[in-house]
Amino acid sequence: MRITAGKYKGARLAVPKIRGTRPTSGRVKESLFAILRGRIQGADAIDICAGSGAVGIEALSRGARSCVFVDANPNACRCIRRNLAALSTPRSAAHTLRAGASSAARRLFRQNRLFQIVFLDPPYNSNLLHETLQTLGQSALICAPDGVVAAEHSANNAPDSQYGALTRARMETYGDTQLSFFQHFESGRPI
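As the structure is a prediction and not an experimental result, all values here were calculated from the model.

## Topic: unusual backbone geometry
In most cases, non-glycine residues show a negative phi, while peptide bonds are predominantly trans. Phi is positive for Cys49, which is not a glycine, with a value near 60°. Locating Cys49 in the fold gives a position in the loop between β1 (44-48) and α3 (54-61). On the basis of relative accessibility, which here comes to 16%, the residue Cys49 falls in the buried class. In this structure, Asn112 takes a positive phi of about 60° despite not being glycine. With respect to the helices and strands, the residue Asn112 is situated in the loop between α5 (101-110) and β4 (115-120). For Asn112, a relative accessible area of 68% gives the class exposed.

## Quick look at the packing of aromatic side chains
Summed over all chains, the structure comprises two aromatic pairs. Note on Phe33 and Phe119: the rings are 5.8 Å apart at their centroids and 50° apart in plane angle, and the pair reads as tilted. Here Phe33, found in helix α1 (residues 26-35), pairs with Phe119, found in strand β4; they are 86 residues apart in sequence, far enough to count as distant. Both residues of the pair, Phe33 and Phe119, count as buried. When the ring of Tyr163 is compared with that of Phe182, the centres are 5.9 Å apart and the planes differ by 65°; the resulting orientation is edge-to-face. Taken together, the positions of Tyr163 in strand β6 (residues 162-163) and Phe182 in strand β8 (residues 177-184) put the pair 19 residues apart, joining distant regions of the chain. For the pair shown, Tyr163 and Phe182 are each scored as buried.

Criteria and thresholds
Residues numbered from 1 in each chain as written. Predicted model: local features only at pLDDT ≥ 70, side-chain atom pairs only at ≥ 80, totals over all residues. Heavy atoms only, no water. Helix = DSSP H or I, 4+ residues; strand = E, 2+ residues; numbered from the N terminus. Buried < 20%, exposed > 50% of the residue type's maximum accessible area, 1.4 Å probe, protein only. Phe/Tyr/Trp six-rings, centres within 6.5 Å; stacked < 30°, edge-to-face > 60°.

What follows is the structure in structure tokens.
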């Protein structure tokens, strides 16, 4: 797997050997970042269910100020740390948090952390997509008022159109993969 643009362009990333891990395809990743193009520069991002950290590292490569990488699997967290070290990513720009998606969101909320971009890519065959969106939707828990939650999911497991304060603003389909973009329902900056 390679970084496709920015300061780390062309860098190869290790992928953790975890059953059920499915890296985001190049086509989906390119589309994701084309849609978010005007929001990346200087943003604070969080990559939930990060796996190898490829999506968050791509955001850092394209100009995000910082990224928190969240995964419950210790092998994934070790892989993310190795990938960040190989790229000499400054410690101030990247932090790895070993925790479940919803517990990490609640923990970061208690620390008053807000993110302009929330990436969410849970395993396709789990209920984590809905659980995490439900948690994030509680007063848009860690998503900044002008922020966006970008969720990758199976077309067979599409999320609801609203979770608390978050409303789906856009959905794109790429074969069996879909990207859903959620925002605060009163956000004035559409996707």
